[in-house]
Amino acid sequence: MIGISGIATSGKDLFCRLLLKEMKGYRIALADQLKEEIRPYIIKKYGVDVINCSTESKNKVRDFLVFYGGLKRFQTKGQYWTDIAQKKADSCKSTPIITDIRYDDYENDEVDWVKNKNKGVLVHIRKYWETENLFEMKRNYFDPPNEDEKRNDPKLMSKADYLIEWPHIESKKTKEIEDTLKPFVKEFAEWYKHRS
């Protein structure tokens, strides 16, 4: 199993999409079930289809998604969404790639689920942009969008088996973005294949 962590919009799904071109795997997102469960309510209340919407629209309901997901996690000590995903992981015939590992609050939380229960690896992605100082380029990193991510992201980064820092790319076509970021994914795929 491969778990992908990083704050919102760091490129976790993009990393998975590119990785699936390098190796056999099966995408699983913990948030897919969350979105399915509350989709009818969010459409009715906010007019947003969380299964098929823009980042801007998703941002309008992100706090509610975090609240509902957190409630279910609290009721099960962090295992509600991973128990559902485990059934999918058990039935897939290739490497499960979990695109949204975000929490390390409970003893058997998402990080433990990936690394210990499933003997998987945790990848952490961090997106940056550069500014030029007088003598050098400086990397700047995006801030977490909410308190949950602010609290958990440093823990996820410290427990990651593999760290990726890749550039934020604006105003480019999908192919150009993918071509720029593909080497990061290829390097990970090689590491994963040869890890001991």
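Use the structure listed above.
Below or above, wherever it landed, is the structure these notes cover. It should be emphasised that the depicted structure is a prediction, and the values quoted were computed from it without experimental measurement. The residue numbers shown here count from 1 along each chain, following its written sequence. Local features are withheld for residues below a pLDDT of 70 in this predicted model, meaning they are given only at 70 or higher, and side-chain atom pairs are given and counted only at 80 or more; totals for whole chains, interfaces and linings count all residues. Working from all heavy atoms in the structure, the side-chain values ignore hydrogens and water.

## Structural notes on unusual backbone geometry
Consideration 1: Look at K77: it is not a glycine, yet its phi comes out positive at around 55°.
Consideration 2: Note on K77: relative accessible area 56%, which makes it exposed.
Consideration 3: Although it is not a glycine, K119 sits at a positive phi angle of roughly 50°.
Consideration 4: Think of it this way: any DSSP run of H or I at least four residues long counts as a helix, any run of E at least two long counts as a strand, and we number them from the N terminus. Mapped onto the secondary structure, K119 falls in the loop between α5 (110-117) and β4 (121-132). Each residue gets one of three labels from its accessible area relative to the maximum for its type: buried under 20%, exposed over 50%, partly exposed in between, using a 1.4 Å probe on protein chains only.

## Quick word on helix α6 (residues 147-159)
Consideration 1: Residue count minus one, scaled by 1.5 Å, sets the expected span of a helix. For α6, spanning 13 residues, the distance from its first C-alpha to its last is 19 Å, which sits close to the expected 18 Å at 1.5 Å a residue.
Consideration 2: Note that the bend at a residue is defined as the angle between axes fitted to the seven residues ending at it and the seven residues starting at it. Taken as a whole, α6 carries its principal kink of about 30° at D153; the proline P154 stands between one and four residues after it.
Consideration 3: For α6, the set of buried residues is D148, E149, N152, D153 and L156.
Consideration 4: Contacts between residues were defined by any pair of non-hydrogen atoms, one from each residue, lying within 4.5 Å. Check the buried side of α6 and you find it contacts β1 (2-5), α3 (55-75), β3 (95-101), α5 and β4.
Consideration 5: We define a polar contact as two N or O atoms separated by no more than 3.5 Å, with the added condition that, inside protein, one atom must be a possible hydrogen donor and the other a possible acceptor, whereas residues neighbouring each other in sequence contribute only through side-chain atom pairs. The N-cap residue of α6 is N146: its side-chain oxygen and the backbone nitrogen of D148 are 3.1 Å apart.

## A closer look at the nonpolar core
Across soluble globular proteins, you tend to see nonpolar side chains buried next to one another.
Consideration 1: One finds L30, I42, L65, I98, I101 and W113 to be the most contacted residues of the largest nonpolar core, which totals 22 residues.
Consideration 2: Where this core is concerned, the elements lending two or more residues are α2 (30-46), α3, α4 (80-91), β3 and α5.
Consideration 3: A total of four residues in this core trace back to one element, the largest contributor, which is α2.
Consideration 4: When neighbours within four sequence positions are excluded, I42 is seen to be in contact with G47, V48, V50, V61, F64 and L65.
Consideration 5: Among the nonpolar cores identified, the runner-up in size contains 21 residues, and I4, F15, I164 and I169 belong to it. To form a nonpolar core, buried Ala, Val, Leu, Ile, Met, Phe, Trp, Tyr and Cys residues must be joined to one another through side-chain atoms within 4.5 Å.

## As for the side chain of T99
Consideration 1: For T99, the position within the fold is in strand β3.
Consideration 2: Residues in contact with T99, not counting those within four places in the same chain, are I4, K12, D13, C16, R27, I28 and A29.

## Re the pattern of salt bridges
Consideration 1: In the sections that follow, a salt bridge refers to a side-chain nitrogen of Lys or Arg positioned within 4 Å of a carboxyl oxygen of Asp or Glu. Taken as a whole and assessed by the stated rule, the structure comprises 19 salt bridges.
Consideration 2: Its salt-bridge partner being D13, residue R27 comes within 3.4 Å of it at the nearest N-O pair. Placement of the pair is R27 in strand β2 (residues 25-28) and D13 in helix α1 (residues 12-19), with a sequence separation of 14 residues.
Consideration 3: Classification of D13 by relative accessible area gives partly exposed; the value is 41%.
Consideration 4: Note that R17 is salt-bridged to E178, the shortest N-O span being 3.3 Å. In this pair, R17 sits in helix α1 while E178 sits in helix α7 (residues 174-194), placing the two residues 161 residues apart along the sequence.

## Focus: the packing of aromatic side chains
Each pair of aromatic rings is reported with the distance of its centres and the angle of its planes.
Consideration 1: Two aromatic rings from Phe, Tyr or Trp, using only the six-membered ring of Trp, form a pair when their centres are within 6.5 Å; if the ring planes differ by under 30 degrees the pair is stacked, by over 60 it is edge-to-face, and anything between is tilted. Evaluation of the coordinates by the stated rule reveals 14 aromatic pairs.
Consideration 2: Summarising the aromatic geometry, the rings of W166 and F184 are spaced 6.1 Å apart at their centres and angled 90° between planes, so their arrangement reads as edge-to-face. On the criterion of sequence distance, the pair formed by W166 in strand β6 (residues 162-167) and F184 in helix α7 is long-range, its members being 18 residues apart.
Consideration 3: Ring pairs connect the aromatic residues F15, Y162, W166, F184, F188, W191 and Y192, which therefore count as one cluster.
Consideration 4: Against the face of Y103 rests R73, its NZ or CZ located 3.8 Å from the ring centre.
Consideration 5: As a reminder, the over-ring test applies to NZ of lysine and CZ of arginine, requiring each to be within 6 Å of the ring centre and within 35 degrees of the ring normal. For the cation-ring pair, R139 lies above Y128, with the distance from its terminal atom to the ring centre recorded as 3.9 Å.

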